[in-house]
Amino acid sequence: MLPSPHDILHSVFGYTQFRGQQQAIVEQLIDGGDALVLMPTGGGKSLCYQIPALVRQGTGIVVSPLIALMQDQVDALREAGVAAAYLNSSLGAEEQREVERRLLAGELNLLYVAPERLLTPRFLSLLERTEVALFAIDEAHCVSQWGHDFRPEYRELMVLHQRFAQVPRIALTATADERTRDEIVERLALQQARQFVSSFDRPNIRYQVGLRHNARRQLLDFLERRRGETGIVYALSRRKVDETAAWLTEAGIEALPYHAGLDSATRNAHQRRFLREDGLVMVATVAFGMGIDKPDVRFVAHLDLPRSMEGYYQETGRAGRDSLPADAWMIYGLSDVVTMSQMIAQSESADERKRIERLKLESLLAYAEATQCRRELLLAAFGETFHGPCGRCDNCIEPPKTWDATVPAQKALSAVYRSGQRFGSGHVIDILRGDDSTRMTDLGHDRLSTFGIGADMDEKQWRSVFRQLLAMGLLEADAEGYGTLRLTKTSRDVLVGNREVRLREDARPVRASRKRRDS
Ligand code: ADP
Ligand code: ZN
């Protein structure tokens, strides 16, 4: 008689209960069906294929792109008494032959293999002479160009369906937005697969987003109340990481820098200290975090906008793995959008990639500027419907006040339009405020009908209006990254008076204020 999944969960892995949808997933595979599993990091994806591989006859073949993680998994499985092995470029010829021999002899329960290895004609023919219990495709989002981890070889994994039609397949990922999901289904021919979508909510994380006006002061205020706690501070550039770590240390907060510009010995030393010690603050670029599993990270702070909602979710998700309350805190400014647009424009990527990057940046900006529950928006980015208020985000705790800004929005959009959609927000604000510089007269912009029609609001308020219009998709920045503003398809509705625009209170004119420039 076959061992029951529950017996294996208990005797091999030492757990008493399945978690979430694990049991249903395991049963689906044991019954010979396909599965697509969307589960956040730490949710327990591995057991979903490990247990059915042990219950079913034959060897479970696990495709994984991460060599380092392969090794960890195999070590842990062997420790638990499972016959597991891996095949990747880190093995010598002798070792590889031995693994292949064991595979053919039916001695392995689980074999981890890198996709490029799996796809070799030699390995595929080896598999044809093997009894395969199932195929598990880990990090399945690698088939998608929408994500950051695109791996062309992953698209060829379709061959598994074609050549081994009888073998159940399970694809797993922690990236769950709808486009990625659709691409996985299509590229891996998983139309018949049952989909298991877990909630991506991290109820113990509190989300806060604010405008950056004095980054040091704001970060210090935030950290002051968290003395002695472990956390990560993310910044966009290596220089900013170094500088921030230095002044935090000066301010008496133990902080270490981490970015790809440091030599690997320093990076490793800093990472080790972060993992072992209590109360360290790691100041880092996105280079830090992959595979970091420290349960008691109490906060993740962003000094700049991350690249995308997935990035934000992954980065903030490193906080509170122990399920105790944790903070995701972010400050940002309009300049981030310009910097990021420039980075995208100047990158070597193909145009299609750049277009995707811009769309991602826009959705993150919309999140940052949102007035509704942040959790609602964050989860919506992963295709999940959540009804706020959650009570654990800044917008729920203190709902932002909004005001009817239709008229200023119309002024802003028409100033962009009348000046030919060739200028950035700085110049357009000067037009609105009636700045009488020689540049203005040289360009003839002092003769525009929109010149000076916004003198009732100061520069800071206008900047807020522009930022929010960008976030709402009523304006877009140029693809080249110069910060030039253009109207969008939806701008017209506002211009002709068919759409009301409500903005956050911070842009509201409280008084007819003097013209003033501040950073
Ligand atoms: P993922 O691959 O989704 O990031 P893992 O498979 O690595 O997650 O599992 C995360 C952690 O949860 C591991 O330490 C694992 O042993 C543990 N875990 C998984 N399933 C269970 C369970 N049913 N009961 C208790 N712990 C579990
Ligand atoms: Zn909320």
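Worth saying up front: this structure is predicted, and the values here are computed from it rather than measured.

Chemist: How would you summarise the site of ligand 1 if you had to cite specific residues and measurements?
Modeler: Around ligand 1, the surrounding shell holds 13 residues, and the nearest of these are Tyr15, Gln17, Gly42, Lys45 and Ser46. Measuring from an oxygen atom of ligand 1, one finds a backbone N or O atom of Gly44 at 3.1 Å. Measuring from an oxygen atom of ligand 1, one finds a side-chain N or O atom of Ser46 at 2.6 Å. Isolated, ligand 1 exposes 560 Å² of accessible area, and the fraction of that covered by the protein chains is 68%. Here the residues of the shell around ligand 1 sort into four nonpolar, seven polar and two charged.

Chemist: Any chance you could break down the side chain of Arg181 for me, citing the residues and the numbers?
Modeler: Topologically, Arg181 is positioned in helix H10 (residues 178–187). Buried charge Arg181 goes without a salt bridge, the closest partner of opposite sign being Glu178 at 5.3 Å. For Arg181, the contacting residues outside a window of four places in its chain are Leu36, Leu38, Ala176, Gln195, Val197, Phe382 and Gly383.

Chemist: Run through the packing of aromatic side chains, naming residues and quoting values.
Modeler: For the structure on display, the rule yields 11 aromatic pairs. Both rings, one in Phe200 and one in Tyr313, keep their centres 5.9 Å apart while their planes meet at 45 degrees; by these two values the pair is tilted. You can see Phe200 sitting in the loop between strand E7 (194–197) and strand E8 (205–211) and its partner Tyr313 sitting in helix H14 (residues 309–316), a full 113 residues away along the chain. The buried category is assigned to Tyr313, whose relative accessible area is 6%. Each ring, one from Trp462 and one from Phe466, has its centre 6.3 Å from the other, and the planes form 50 degrees; the classification is tilted. One end of the pair, Trp462, and the other, Phe466, are both in helix H22 (residues 459–471), four residues apart, so they sit about a helical turn from each other.

Chemist: Residue-level account of the sheet that holds strand E5 (residues 132–137), with values.
Modeler: Each strand in a sheet pairs with its neighbour through backbone hydrogen bonds, running either in the same direction (parallel) or in the opposite one (antiparallel). Taking strand neighbours across the sheet as the criterion, the seven strands line up as E3-E4-E2-E5-E6-E1-E7 in an open arrangement whose pairing is parallel. If you trace the sheet from one side to the other, it starts and ends with strand E3 (84–87) and E7, each paired once. Sheet twist, expressed as the average angle between the axes of neighbouring strands with direction ignored, equals 20 degrees. With four bridges connecting them, strand E1 (residues 35–38) and strand E6 (residues 169–173) associate as parallel partners. Across the sheet, the residue bridging to Val37 is Leu172, located in E6. Those strands touched by H10 are E1, E6 and E7, and its axis lies near 160 degrees from that of E1.

Chemist: If you had to explain the environment of Gly420 to someone new, which residues and values would you point to?
Modeler: Locating Gly420 in the fold gives a position in the loop between helix H19 (406–418) and helix H20 (425–433). With a relative accessible area of 36%, Gly420 lands in the partly exposed category.

Chemist: How would you sum up the pairing of E6? Please name residues and give values.
Modeler: On any regular strand, side chains alternate: one points to one face of the sheet, the next to the other face. Within E6, five of the five residues are buried, which leaves the element mostly enclosed by the surrounding structure. In E6, alternate side chains face the same way, and those of Arg169, Ala171 and Thr173 on one face and Ile170 and Leu172 on the other are all buried.

Chemist: Describe in detail the confidence of the model for the protein chain, supporting the description with residues and values.
Modeler: With 97% of its residues at a pLDDT of at least 70, the protein chain reaches an overall mean of 91. Low pLDDT, under 50, characterises residues 511–519; the predicted model gives this stretch 22 contacts beyond four residues in sequence or across chains. Our summary of model confidence lists the complex with pTM equal to 0.76 and ipTM equal to 0.98.

Chemist: Quick rundown of the coordination of the zinc ion (ligand 2)? Include the residues and the values.
Modeler: Looking at the zinc ion (ligand 2), the protein donor atoms are Cys373 (SG), Cys390 (SG), Cys393 (SG) and Cys396 (SG), and they sit 2.3 to 2.4 Å from it. Each of the four donor atoms bound to the zinc ion (ligand 2) contributes to angles spanning 99 to 120 degrees, and the resulting shape is tetrahedral. Within one chain, the residues serving as donors to the zinc ion (ligand 2) are arranged as C-x16-C-x2-C-x2-C. Placement of Cys373 in the loop between helix H16 (351–369) and helix H17 (374–380) and of Cys390 in the loop between H17 and helix H18 (394–397) is noted, with a sequence separation of 17 residues between them. Exposure remark for Cys373: the relative accessible area of 6% places this residue in the buried category.

Chemist: Run through the state of the cysteines, naming residues and quoting values.
Modeler: Counted under the stated rule, the structure contains zero disulfides. The cysteine Cys142 is free of any disulfide, with Cys48 supplying the nearest cysteine sulfur at 18 Å.

Chemist: If you had to explain the environment of Arg499 to someone new, which residues and values would you point to?
Modeler: Relative to the assigned elements, Arg499 resides in the loop between helix H23 (491–495) and strand E17 (502–504). The residues contacting Arg499, other than those within four sequence positions of it, are Thr406, Leu474, Thr490, Asp493 and Val494.

Chemist: Any details on empty space enclosed by the protein? Residues and values, ideally.
Modeler: For the structure shown, the criterion picks out one cavity of 30 Å³ or more. Here the largest cavity defines a volume of roughly 70 Å³. In terms of lining, the largest cavity is formed by Pro40, Thr41, Arg202, Tyr313, Gln314, Gly317 and Arg321. Among the residues making up the lining of the largest cavity, the classes are represented as two nonpolar, three polar and two charged.

Rules of the game
- Residues numbered from 1 in each chain as written.
- Chains lettered and ligands numbered in written order.
- Predicted model: local features only at pLDDT ≥ 70, side-chain atom pairs only at ≥ 80, totals over all residues.
- Heavy atoms only, no water.
- Near = heavy atom within 4 Å.
- Polar contact = N/O pair within 3.5 Å; in protein donor to acceptor, adjacent residues only side chain to side chain.
- Areas by Shrake-Rupley, 256 points an atom, 1.4 Å probe, with all protein chains shown as cover.
- Nonpolar A, V, L, I, M, F, W, Y, C, P; charged D, E, K, R; others polar.
- Helix = DSSP H or I, 4+ residues; strand = E, 2+ residues; numbered from the N terminus.
- Buried < 20%, exposed > 50% of the residue type's maximum accessible area, 1.4 Å probe, protein only.
- Lys, Arg positive; Asp, Glu negative; His and termini not counted.
- Salt bridge = Lys/Arg side-chain N within 4 Å of Asp/Glu carboxyl O.
- Contact = heavy atoms within 4.5 Å.
- Phe/Tyr/Trp six-rings, centres within 6.5 Å; stacked < 30°, edge-to-face > 60°.
- Pairing = 2+ DSSP bridges.
- Axes fitted to C-alpha atoms, helices over the stretch in contact; angles between N-to-C directions.
- pLDDT = per-residue confidence, 0-100.
- Donors = N, O, S within 2.8 Å, 3.2 Å for Na, K, Ca; no water.
- Tetrahedral: all angles 85-135°; square planar, octahedral: opposite > 155°, others 65-115°.
- Disulfide = S-S within 2.5 Å.
- 1 Å grid on protein atoms, 1.4 Å probe; cavity = no way out; pocket = protein on both sides within 12 Å on 5 of 7 lines; lining within 4 Å.
- Points joined across faces, edges and corners; volume = space filled by probe spheres on them.

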